[in-house]
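# Structure at a glance
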Amino acid sequence: TAVAEKKKLDDATKINALGQIDVGRSKLMLWHRPTLRSGRLLKDLRGVTMIITAQAKRESPQDVRKICEQFGMKHFWIELNGANQALLCDKAVLKYMRKRIRELLTILKENEEVALIHCAAGIHRTGSLGYTLLRLAANDPLNKEQAYAALKIMREDTWKGVGDW
């Protein structure tokens, strides 16, 4: 239908506008939760090889894993039930996040992935995780200001939504 074609064109335009930043031997991008259509476009237009999901179990991350399997992409899930300050200051959450981020950094450092981080809207959890990876980047860690500026390059909607948060 005409509506579906317009949506596909809109998605393609937005996907083509995504910036990439080096993390290790990999490239990193930010986006919102991919659909089957946008998953195909991410693979075809930008060569995405890995999708990183930052969502709670109740948000059905296995659906994204299925999209990855269908298009031959890797999937890495970080179970994250939100991105509020109380949650991110919880000791158990921090311990889990440190472990998963170390695992992810190892993958990004040792492999040549085109990786995409997403949560639901691609704002707070996506921005927090992207910012953290940029600050810890294996090849050239960024300072606070550089990491925040890099979010704008990667996806302006994420940068705007994160703000000084």
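This is a predicted model, so every value here is computed, not measured.

## A closer look at the environment of I107
Looking at where I107 falls in the secondary structure, it is placed in helix α5 (residues 91-110). As a C-alpha pair, I107 and R25 span 82 residues in sequence and 9.0 Å in three-dimensional space. Other than its neighbours up to four places away in sequence, I107 contacts S26, M50, F76 and E113.

## Let's talk about the pairing of strand β2 (residues 26-31)
Successive side chains on a regular strand alternate, one facing one side of the sheet and the next facing the other. When you tally the buried positions in β2, you get five out of six residues, the bulk of the element. Looking at chain direction, strand β1 (residues 21-23) and β2 are connected through three bridges and run antiparallel. Looking at the pairing, I21 lines up with L28 of β2. Both β2 and strand β5 (residues 114-118) contribute to a ladder of five bridges, which runs parallel. Across the sheet, K27 pairs through a bridge with V114, a residue of β5.

## A short note on the environment of I123
The residue I123 is located in the loop between β5 and α6 (124-135) in this model. For the pair I123 and R46, spaced 77 residues apart in sequence, the C-alpha separation works out to 20 Å.

## Quick notes on the sheet that holds β2
A sheet is described by the order of its strands in space; here five strands give the open sequence β1-β2-β5-β3-β4, paired in mixed fashion. This sheet does not close on itself; its edge strands, each paired only once, are β1 and β4 (74-79). Between one strand axis and the next, the sheet turns by 30° as a mean value, whatever way the strands run. One ladder, built from six bridges, connects strand β3 (residues 50-55) with β4; its direction is parallel. Across the sheet, I52 pairs through a bridge with F76, a residue of β4. Running at roughly 165° to β4, helix α3 (residues 61-71) makes contact with β3, β4 and β5 of the sheet.

## Looking at the layout of surface pockets
Within this model, the second largest pocket holds a volume of roughly 180 Å³. If you go around the second largest pocket, you meet 13 residues; those closest to its centre are K14, L18, W31, R155 and D157. Of all the elements in the fold, those that place two or more residues in the lining of the second largest pocket are α1 (2-16), α7 (144-154) and α8 (156-162).

## Examining the nonpolar core
One broad rule of soluble globular proteins: the nonpolar side chains tend to lie buried together. Of all hydrophobic cores here, the largest spans 28 residues; its most connected members are L28, I52, L104, L129, L133 and L134. For this core, the element with the highest residue contribution is α5, accounting for six residues. The residues touching L28, leaving out its near neighbours within four places in the chain, are G19, Q20, I21, V23, I52, A115, I117, L133 and M154. Listed in part, the 16 residues of the second largest apolar core include L18, L41, F71 and M73.

Rules used throughout
- Residues numbered from 1 in each chain as written.
- Predicted model: local features only at pLDDT ≥ 70, side-chain atom pairs only at ≥ 80, totals over all residues.
- Heavy atoms only, no water.
- Helix = DSSP H or I, 4+ residues; strand = E, 2+ residues; numbered from the N terminus.
- Contact = heavy atoms within 4.5 Å.
- Buried < 20%, exposed > 50% of the residue type's maximum accessible area, 1.4 Å probe, protein only.
- Pairing = 2+ DSSP bridges.
- Axes fitted to C-alpha atoms, helices over the stretch in contact; angles between N-to-C directions.
- 1 Å grid on protein atoms, 1.4 Å probe; cavity = no way out; pocket = protein on both sides within 12 Å on 5 of 7 lines; lining within 4 Å.
- Points joined across faces, edges and corners; volume = space filled by probe spheres on them.
- Core = buried A, V, L, I, M, F, W, Y, C linked by side-chain atoms within 4.5 Å.

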